[in-house]
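# Remarks on the overall topology
If you want the building blocks of each chain, they are given just below.
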Amino acid sequence: MPLEFELCPGRMVGGAHPCFIIAEIGQNHQGDVEMAKKMIKMAKDCGADCAKFQKSELEHKFNKLALERPYNSKHSWGKTYGDHKRHLEFSHQQYRELQKYAEEVGIFFTASGMDEMAVEFLHELSVPFFKVASCDANNFPYLTAIAKKGRPLVVSSGMQSMETMRRVYNTVKEHNPNFCILQCTSAYPLDPENVNLRVISEFQKEFPDIPVGYSGHERGLYITLAAVGMGAKVVERHVTMDKSLKGNDHEASLEPKELAELVRAIRMVEAAFGSNIKQMIPCEKACQDKLGKCVVAKVAIPAGTPLSLAMLGVKVGEPKGVAPEEMDQLVGRTLRVGAEPDASITASMLG
């Protein structure tokens, strides 16, 4: 049984607990706090467990030249990459406002800390767990520092090798037992042939004592549902109010109707997991009564005649007789009363 731990107050992940669904708002809020609030409410209304953002302290995430380089993309919010990112970055006070709103709405709130100073702020904000973005999965000083904070971690694995992820596991495990790793491919949008869901199974083998999940950037719902079917215990999908909005992530995001359908479908799949015990269950009784087969006489069988397989057949019979899987056990036994051809052989007839 994979490790279970409390990811958020009162919300366990792993084992038989429901899949934890993260609505990744990221920076699809367009730098607008009111839109961010609408997206938090949308995530709650659609049934997601958590609304997640991305927090950066830009001078700590980027060097000076990276911030000053021209940014001429159709998705740009400024002449330089720094201007673009500053437009999309919320202040500390705005984050507190959003956190308070999420609490009022009734949904968990967190963010990816995109640099160590952002992590410090999120720790001060008392987010329930830290999300480690794929770009920091191989940033081992960062991983060590964030693991030592003691909050649960969700670690994405995009752009990394299995060798690196083994090192991630060992680094985090040394300081913090409460974490999970998500299979992720860092492309937006992601083509199906590059998803590599089989990595989920490999993670489950490599790291059997932690939950494994999936962070998806593909279009549609089917692949994420398949991940849940393979045992993903945490699922993250980007969300948007409108895929046509300006920004790199919108095209690979789910609109409200899609998110709501994904949540419903995940819960349906989880219900369908059911029991691992194979047996006839109560809902099958009506079908068994109507169509279940039993042992019948192929020929007239006088009372006292030792039974052979040549005398017996299997049909839908009335009344219900001996079950077909028990027919071999009838060989050599006798009937207390004779049976006409086509008659059910019932237990009460056996001598």
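Before any of the text, the structure's been laid out above.
The text that follows walks through the structure, step by step, so that each part is easy to find. Just so it is clear, the model here is predicted, and its values are computed rather than measured.

What counts, and where the lines are drawn
Residues numbered from 1 in each chain as written. Predicted model: local features only at pLDDT ≥ 70, side-chain atom pairs only at ≥ 80, totals over all residues. Heavy atoms only, no water. Core = buried A, V, L, I, M, F, W, Y, C linked by side-chain atoms within 4.5 Å. Buried < 20%, exposed > 50% of the residue type's maximum accessible area, 1.4 Å probe, protein only. Helix = DSSP H or I, 4+ residues; strand = E, 2+ residues; numbered from the N terminus. Phe/Tyr/Trp six-rings, centres within 6.5 Å; stacked < 30°, edge-to-face > 60°. Pairing = 2+ DSSP bridges. Right-handed = clockwise from strand over helix to strand, strands pointing away.

## Thoughts on the nonpolar core
With 67 residues, the main nonpolar core has Phe-53, Ile-181 and Tyr-214 as its most contacted residues. The element best represented in this core is helix H1 (residues 33-46), accounting for seven residues. Val-295, Leu-307, Ala-339 and Met-349 belong to the second-largest nonpolar core, a separate cluster that totals 14 residues.

## Some details on the packing of aromatic side chains
Both the distance between ring centres and the angle between the ring planes are used here to describe each pair of aromatic rings. Under the counting rule described, the total for this entry stands at 12 aromatic pairs. Seen in terms of ring centroids, Phe-53 and Tyr-95 are 6.2 Å apart; in terms of plane orientation they differ by 75°. Their pairing is edge-to-face. Linking Phe-53 in strand S4 (residues 50-55) with Tyr-95 in helix H5 (residues 92-105), this pair joins segments that are 42 residues apart in sequence. Each residue in the set Phe-53, Phe-90, Tyr-95, Phe-109 and Phe-121 is aromatic and connected to the rest through ring pairs, giving one cluster.

## Brief notes about the pairing of strand S9 (residues 212-216)
Counting buried positions along S9 gives five out of five residues, so the element sits mostly inside the fold. Burial along S9 is two-sided: Val-212, Tyr-214 and Gly-216 and Gly-213 and Ser-215, pointing in opposite directions, are all buried. In this structure, strand S8 (residues 179-184) lies alongside S9, joined through four bridges in parallel fashion. Across the sheet, residue Cys-184 finds its bridge partner in S9, namely Ser-215. The parallel pair S8 and S9, bridged by helix H9 (residues 198-206), forms a crossover whose chirality is right-handed.

## Thoughts on the pairing of strand S3 (residues 20-26)
S3 sits mainly inside the fold: seven of its seven residues count as buried. Two elements, S3 and strand S10 (residues 234-238), share five bridges in a ladder whose sense is parallel. Paired with Ile-21 across the strands is Val-235, a residue of S10. With four bridges joining them, S3 and S4 adopt parallel strand pairing.

Everything listed is a geometric property; what it means functionally is a separate question.
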